[in-house]
Amino acid sequence: MPEAEAETAEERGGRKIAVLGEMLELGDEAVEAHHSVGRMAAEYGVDLVVGVGGDLAKQLALAAGAAGVPDIAFVGDNQTAAAYLQSILRPGDTVLVKASRGGQLWQIAQALTGQPVTGL
């Protein structure tokens, strides 16, 4: 779709929601990289960050909240994330789902769009 025709979440009356999992295999840089992504979510005006996974996803969500994202949530797995999102999504919301492939967050997108949920 041409950029001029695209509506933003705000124009549709919705929220910007980022569902973010852990970035795997970053080594010593992992904690700071997750903090950086949390801060970036605030810079982009995300309304809700949902961290999915373990401690690094929690650090990401907490950094987003500290940087100004109005709402944050943390869940341990994809099934819980999908159920949570299904309970709070409203018409007009825009959802970004992103993580390392190992987090299999595509399962969340599949669940939200009514597709069969697949694994690796």
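This text follows the structure it describes.
Model, not experiment: these values are computed from the prediction.

(A) Focus on the pairing of strand S3 (residues 71-75). Of the strand pairs in this sheet, strand S2 (residues 48-52) and S3 are connected by 5 bridges, and their pairing is parallel. From the neighbouring strand, Leu48 faces S3, where its bridge partner is Asp71. Once you follow S2 into helix H2 (residues 55-67) and on to S3, the crossover reads as right-handed.

(B) Just unusual backbone geometry, in detail. With a phi close to 65 degrees, Glu25 is a non-glycine residue in the positive phi region. Along the polypeptide, Glu25 turns up in the loop between strand S1 (16-21) and helix H1 (30-43). Relative accessible area serves as the criterion here: at 83%, Glu25 is assigned to the exposed category. One non-glycine residue, Gln104, adopts positive backbone phi at about 55 degrees. Relative to the elements of secondary structure, Gln104 occurs in the loop between strand S4 (94-98) and helix H4 (106-112). A residue is classified by how much of its surface remains accessible, and Gln104, at 19% relative accessible area, is buried.

(C) Geometry of the nonpolar core. Val19, Val50, Val52, Leu85, Leu105 and Ile108 are the most contacted members of the largest nonpolar core, which totals 13 residues. Listed by contribution, the elements that provide at least two residues to this core are S1, S2, S3 and helix H3 (78-88). With residues near it in sequence (within four places) discarded, Val19 still touches Val50, Val52, Leu85, Val95, Leu96, Val97, Lys98, Leu105 and Ile108. Formed by 9 residues, the second largest nonpolar core is a distinct cluster that contains Leu20, Ala41, Leu60 and Ala64.

Rules of the game
Residues numbered from 1 in each chain as written. Predicted model: local features only at pLDDT ≥ 70, side-chain atom pairs only at ≥ 80, totals over all residues. Heavy atoms only, no water. Pairing = 2+ DSSP bridges. Helix = DSSP H or I, 4+ residues; strand = E, 2+ residues; numbered from the N terminus. Right-handed = clockwise from strand over helix to strand, strands pointing away. Buried < 20%, exposed > 50% of the residue type's maximum accessible area, 1.4 Å probe, protein only. Core = buried A, V, L, I, M, F, W, Y, C linked by side-chain atoms within 4.5 Å. Contact = heavy atoms within 4.5 Å.

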